[in-house]
Amino acid sequence: MNRYLLFVVGLAASMSFGQQRCGMQAAMDRVLSNPALAPGYIQAQEQMDASMQNTTFSTQSPSVVITIPVVVHVLYKSAVQNISDAQIATQIAVLNADYRKLNADFSTVVPAVFQSFGADMELNFVLAARTPDEEPTTGIERKSVASGFDFYNNYYTSTGLPAWDPYSYLNIWVGKFDDALGLLGFAYLPSSNLPEFDGLCIDYRYFGTTGTATAPYNKGRTATHEIGHYFNLKHPWGNDGSACGSGNNSDGVADTPATSDPYYECPTFPDNTYACTTTANGSMFMNYMDYVNDACMAFFTTGQKTRVTAALNGPRVLLQSSLGATPLSLREIESKKLSIAPNPASDYFTITSTNPVEHLEIMNSLGQKVKEVSLNGNTNVSVQDLQSGVYFIRFYGEGQKYMKTKRLIKK
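If you're wondering where the values come from, they're calculated on a predicted model, not measured in any experiment.

Parameters at a glance
Residues numbered from 1 in each chain as written. Predicted model: local features only at pLDDT ≥ 70, side-chain atom pairs only at ≥ 80, totals over all residues. Heavy atoms only, no water. Buried < 20%, exposed > 50% of the residue type's maximum accessible area, 1.4 Å probe, protein only. Helix = DSSP H or I, 4+ residues; strand = E, 2+ residues; numbered from the N terminus. Pairing = 2+ DSSP bridges. Salt bridge = Lys/Arg side-chain N within 4 Å of Asp/Glu carboxyl O. Core = buried A, V, L, I, M, F, W, Y, C linked by side-chain atoms within 4.5 Å. Contact = heavy atoms within 4.5 Å. Axes fitted to C-alpha atoms, helices over the stretch in contact; angles between N-to-C directions. Disulfide = S-S within 2.5 Å.

Asker: Would you take a moment to explain the pairing of strand E12 (residues 389-396) for this structure?
Answerer: In summary, the side chains of a regular strand alternate between the two faces of the sheet. Most of E12 sits out of view: seven of its eight residues are buried. Inspection of the sheet shows strand E9 (residues 359-363) paired to E12 by five bridges, in the antiparallel sense. Across the sheet, the residue bridging to His-359 is Tyr-396, located in E12. For E12 and strand E13 (residues 402-410), the ladder comprises eight bridges, and the chain directions are antiparallel. Bridge pairing in E13 places Tyr-391 opposite Leu-408. In this structure, the hairpin formed by E12 and E13 is closed by a connection of five residues, where Gly-399 is found at a positive phi of approximately 70°.

Asker: Sorry if this is basic, but what is going on with the pattern of salt bridges here?
Answerer: Side chains carrying opposite charge are able to pair once their charged atoms draw close together. Here the structure, examined in full by the defined rule, presents 14 salt bridges. Measuring nitrogen to oxygen at the nearest pair gives 2.5 Å for the salt bridge that ties Asp-85 to Arg-142. Of the two residues, Asp-85 is situated in helix H4 (residues 85-99) and Arg-142 in strand E3 (residues 140-144); the sequence distance between them amounts to 57 residues. Overall, Asp-85 belongs to the partly exposed group, its relative accessible area being 47%. The shortest N-O distance in the salt bridge between Asp-179 and Arg-205 comes to 2.9 Å. Here Arg-205 lies in the loop between strand E6 (200-203) and helix H8 (221-230) and Asp-179 lies in the loop between strand E4 (170-175) and strand E5 (185-187), a separation of 26 residues in the sequence. Among the charged side chains, a network of salt bridges with common partners joins Lys-176, Asp-179, Asp-203 and Arg-205.

Asker: Please explain the nonpolar core as it appears in this structure.
Answerer: Nonpolar side chains tend to gather and get buried jointly when the protein is soluble and globular. By size, the foremost hydrophobic cluster in this structure holds 46 residues, and its most contacted members are Ile-68, Leu-123, Phe-125, Ile-172, Ile-227 and Phe-231. Within the residue set of this core, elements represented by two or more residues are strand E1 (66-76), H4, strand E2 (123-127), E4, E6, H8 and helix H9 (302-312). When residues in this core are grouped by element, the largest group, five residues, is from E1. With near-sequence residues (within four places) excluded, Ile-227 lies in contact with Leu-95, Tyr-99, Phe-125, Leu-170, Ile-172 and Leu-200.

Asker: How should the sheet that holds E9 be read in this particular structure?
Answerer: Pairing between the strands of a sheet is mediated by backbone hydrogen bonds and can be parallel or antiparallel. Taking strand neighbours across the sheet as the criterion, the four strands line up as E10-E9-E12-E13 in an open arrangement whose pairing is antiparallel. The open sheet is flanked by strand E10 (369-374) and E13, the only strands paired with a single partner. The mean inter-strand angle of the sheet, taken between neighbouring strand axes irrespective of direction, is 20°. Looking at chain direction, E9 and E10 are connected through five bridges and run antiparallel. In the sheet register, Met-363 faces E10, and the bridge partner there is Lys-369.

Asker: Would you mind showing me how to read the sheet that holds strand E11 (residues 380-382) here?
Answerer: Sheet architecture is open: three strands sit in the order E7-E8-E11, paired in antiparallel fashion. Every interior strand has two partners, whereas the edge strands, strand E7 (338-341) and E11, have only one. Pairs of neighbouring strands in the sheet enclose a mean axial angle of 25°, with direction left out of account.

Asker: Just checking my understanding: could you explain the state of the cysteines for this structure?
Answerer: Here is the idea: a disulfide is a covalent bond, and it sits between the sulfur atoms of two cysteines. Applying the stated criterion to the full structure yields two disulfides. What pairs with Cys-244 in a disulfide is Cys-276, and their sulfur atoms sit 2.1 Å apart. Handedness here is read from the sign of the S-S torsion; for Cys-244 and Cys-276, about -80°, the answer is left-handed. Here Cys-244 is found in the loop between H8 and H9, whereas its partner Cys-276 is found in the loop between H8 and H9, with 32 residues between them in sequence. A relative accessible area of 27% places Cys-276 in the partly exposed class. Between Cys-266 and Cys-296 runs a disulfide, and the two sulfur atoms are separated by 1.8 Å. Every disulfide takes its handedness from the sign of the S-S torsion; for Cys-266 and Cys-296 that torsion is 85°, giving right-handed. One end of the pair, Cys-266, is in the loop between H8 and H9; the other, Cys-296, is in the loop between H8 and H9, with 30 residues separating them in the sequence. Under the relative-accessibility criterion, Cys-266 is labelled partly exposed at 40%. For Cys-296, a relative accessible area of 16% gives the class buried.

Shown next as structure tokens:
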């Protein structure tokens, strides 16, 4: 049986296993139980696995930092849940410290025997400066919702705040989970066919380091952990409830020792309680992808960086070319009135623009160029030769100057 299908089976069995801090597996069940979405996940995993077979990293290599545009959607039922811009800023700062291995607690929390495994993930998180419609933004939007609003199920719907283009932005929704769920947050593993609920969904009490941030999850590490999932990192124990040595008891990373279960609170190093193989060093419970308290996790490994890079070169590739974090220039403001219709399109679409479009490129959902067209004054573009799916069109004006990117759905 395909091992990703085994993973699907494992998810269904794990829904009620153990204490929940992270809801990734239950969240992925939304994808894997949907016949229209599950193949996209399986395709992406196979593509990333193939990429990792040929990828190596040197911890001494020059930094090639990738900027990730972030939009924070705040859904609040009361004034206290409407967290401040300052609290959001602290979370962005934590992400940038943790993903660049600049966190001050690295040398004190990570035992000396594990410190050489630590990796700079070379990611920089920035609040969006422009919307998908090329309007200026702070990267934060807010909405007051009813007291009975179901944050867990409806955060991304019209009753909540719909995602900005998930291929070009990291969407983060902040609100309040029902306490009975026992969740801090959840995020989705990458797929070649991203659902409209893709991104991070997190409780307002575990976001950032000030304001409503609540101990022992008040150092911003819930978002660090969940965004690890967003970039294809799994828990060190693989699927919940999987026995050591089983096909589902792996995170696909060679330098994170396998465990049978998550660690909680702040264990004393070394600890072999859940280690699949007992060693003098014990489990790497201080890794960001375990379940310990925020103050007791402090690093990613080089092996985990390999998985993140595979995601960024695969299903998350369009984040690298996104202009979401780049402020609008005067030229872009002048040329932003560009639209296409119909969308979705079956046979063709028509371009309407205040400035002439000379050339365009059509990219598939994996960021691969599938077609380019020189318009020569035409405004109609045929898409009859494209398969059904999601595409991104990059428009260029006079002198091949980039104008903007639009998403197209081909029926």
